[in-house]
Amino acid sequence: MTSSAAEPWRVEDTRALRSWRKACRLLNLPQEDAVSLDIACRRHPLKITHHYLRLLRADKPGGPLRRMLLPDARELTHAAAESADPIGDAGIHQVAPGVIHRHPSRVLLCPTWRCGGYCRYCFRRRRVGEEWRNWRADDIRGALDYIVAHPEIKEAILTGGDPLMLNDAVLLRLLGKLRQLPQLRLLRLHTRMPAFNPRRLTGSLAAGLAALQPLWLVTHFNHPREITPEVERALGRLRRRGVPLLNQSVLLRGVNDAPATLGELCWRLAAAGVKPYYLHHPDRALGTSHFYVSLARGRRLWRDLWRDLPGYLVPMYVLDSPGGGGKAPLVPAYSARAGFVL
């Protein structure tokens with residue numbers, strides 16, 4: 001049997017670009033802020049797959065895809081409103097290593113802190129990139145014991161990091177253990193791997209996930225150009241197996257904060273069989289103020305989506321409350337007489 005190290009997606013991951021100086025050469029980037037960018041990459045690592053590097057080469061300097069993946073000297077400036085833990089993951093809600101219980105009916109499980117690529121706006125940037133830290137057997141037992149001890153938990157959500165960085169055997173074994181808990185009605189996986197490394201969505205993975213239903217897979221696409229023909233084919237392997245697909249995006253300045261861009265993203269998701277689910281207001285992670293969009297602008301953009309798209313393609317616009325309060329909807333109020341009220 002072929003080892004997991006020889007699988008195409010693993011080869012792609014091993015070859016990922018991790019040097020910003022090499023990125024400068026490959027993408028013809030200026031190097032005026034060499035010292036600042038070196039510090040930025042030590043604080044939050046650089047990782048770009050060759051699949052995504054091809055997209056960056058086609059992107060213009062300062063373009064939306066480059067903004068998401070390339071370091072920026074502004075990351076070294078921390079605004080007063082920013083936090084290393086902007087949504088309170090590491091506070092009272094972390095009940096065990098990699099186990100976050102914020103809402104009574106569902107629990108977040110973070111079995112790895114590795115990702116297919118490292119986004120510069122990441123709200124867990126304090127942890128993501130700890131490539132040495134995967135769950136051990138004791139961590140899995142601790143998570144399962146915690147769920148059993150809390151029968152109010154009805155859904156387990158695998159996040160991280162990115163759970164699809166685990167190989168099939170490890171991932172499906174973990175999901176299988178969760179499926180054996182009768183209290184769990186749903187399983188959910190949150191992943192950005194389809195955008196970074198679509199080869200990860202193999203036929204064998206699709207078959208394994210299909211056997212564990214009811215299970216939802218939530219992708220993370222922020223810009224329509226991330227949905228390439230290769231990505232569409234990869235998503236199709238899941239769809240044909242009956243795995244339901246949702247998408248969450250983050251509203252980011254200079255990336256997707258325009259009605260036409262968000263609208264095209266929703267249309268392209270739908271054409272690929274993915275339901276737009278959440279549009280997240282950006283979290284105030286350290287060094288991410290250059291991505292921030294005001295609440296008023298975000299509401300106007302959502303209103304434009306509601307005007308221009310069929311209702312089933314409009315994602316819910318939400319804010320993860322600082323301090324761990326959970327998601328709050330930000331959609332404008334509507335009245336028949338006044339229309340939308342911001």
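Residues numbered from 1 in each chain as written. Predicted model: local features only at pLDDT ≥ 70, side-chain atom pairs only at ≥ 80, totals over all residues. Heavy atoms only, no water.

It is worth spelling out the pairing of strand β5 (residues 186-190) at this point. Most of β5 is tucked away, with four of its five residues classed as buried. Of the strand pairs in this sheet, strand β4 (residues 155-158) and β5 are connected by four bridges, and their pairing is parallel. Bridge pairing in β5 links Ile157 to Arg188. Read from β4 through helix α7 (residues 168-179) to β5, the crossover connection turns out right-handed. (Buried < 20%, exposed > 50% of the residue type's maximum accessible area, 1.4 Å probe, protein only. Helix = DSSP H or I, 4+ residues; strand = E, 2+ residues; numbered from the N terminus. Pairing = 2+ DSSP bridges. Right-handed = clockwise from strand over helix to strand, strands pointing away.)

To continue, consider the packing of helix α6 (residues 137-149) against α7. The contact between α6 and α7 brings their axes to 11 Å, and the two run at 20 degrees. By the angle between their axes, α6 is roughly parallel relative to α7. Taken as a pair, α6 and α7 cross one another with a handedness that is right-handed. Residues Ile140, Leu144 and Ile147 of α6 form the contact with α7, whose participating residues are Leu174, Lys177 and Leu178. Its residues assigned to classes, the contact of α6 with α7 comprises five nonpolar, no polar and one charged. (Axes fitted to C-alpha atoms, helices over the stretch in contact; angles between N-to-C directions. Parallel < 35°, antiparallel > 145°, perpendicular 65-115°, else oblique. Left-handed = near helix turned anticlockwise from the far one by under 90°. Contact = heavy atoms within 4.5 Å. Nonpolar A, V, L, I, M, F, W, Y, C, P; charged D, E, K, R; others polar.)

Under the definition given, this model contains four aromatic pairs. The ring of Trp9 has Arg200 lying over it, and the distance from NZ or CZ to the ring centre is 4.3 Å. In this structure, Arg284 packs its charged tip against the face of Tyr292, placed 3.8 Å from the ring centre. (Phe/Tyr/Trp six-rings, centres within 6.5 Å; stacked < 30°, edge-to-face > 60°. Lys NZ or Arg CZ within 6 Å of the ring centre and 35° of its normal.)

It is worth spelling out the sheet that holds β4 at this point. The strands that make up a sheet are held in pairs by hydrogen bonds between backbone atoms, and each pair lies either parallel or antiparallel. Strand order in the open sheet formed by ten strands is β1-β2-β3-β4-β5-β6-β7-β8-β9-β10, with mixed pairing between adjacent strands. Each edge of the open sheet carries a strand with a single partner, namely β1 (94-96) and β10 (326-329). Direction aside, neighbouring strands of the sheet carry axes that sit 30 degrees apart on average. Strand direction decides the pairing type here: strand β3 (residues 106-109) and β4, joined by four bridges, are parallel. Its bridge partner being in β4, Val107 is matched across the sheet by Ala156. Sheet contacts for α7: β3, β4, β5 and β6 (215-219); angle to β5, the most-contacted strand, approximately 150 degrees.

A contiguous patch of positive charge on the surface is contributed by Arg15, Lys22, Arg25 and Arg199. Structurally, Arg25 is set in helix α2 (residues 20-27). Accessibility expressed as a relative area gives 57% for Arg25, which makes it exposed. (Patch = residues over 30% accessible without salt bridge, like charges linked within 9 Å, V, L, I, M, F, W, Y side chains within 5 Å. Areas by Shrake-Rupley, 256 points an atom, 1.4 Å probe, with all protein chains shown as cover. Salt bridge = Lys/Arg side-chain N within 4 Å of Asp/Glu carboxyl O. Lys, Arg positive; Asp, Glu negative; His and termini not counted. Charge placed at Lys NZ, Arg CZ, Asp CG, Glu CD.)

Another aspect to go through is the nonpolar core. Grouped together as the largest cluster of nonpolar side chains are 45 residues, with contacts concentrated most on Leu109, Leu175, Leu178 and Leu209. Non-local contacts of Leu209, meaning those with residues more than four positions away in its chain, are made with Leu172, Leu175, Leu189, Leu215, Leu217, Leu238 and Val243. (Core = buried A, V, L, I, M, F, W, Y, C linked by side-chain atoms within 4.5 Å.)

Attention shifts here to empty space enclosed by the protein. Following the criterion strictly, the structure yields one cavity of 30 Å³ or more and no others. By volume, the largest cavity amounts to about 30 Å³. Elements supplying a minimum of two residues to the lining of the largest cavity: β7 (245-250), α11 (259-271) and β8 (275-280). Split into classes, the residues belonging to the lining of the largest cavity amount to seven nonpolar, two polar and no charged. (1 Å grid on protein atoms, 1.4 Å probe; cavity = no way out; pocket = protein on both sides within 12 Å on 5 of 7 lines; lining within 4 Å. Points joined across faces, edges and corners; volume = space filled by probe spheres on them.)

Limitation: the analysis is restricted to geometry and does not speak to function.
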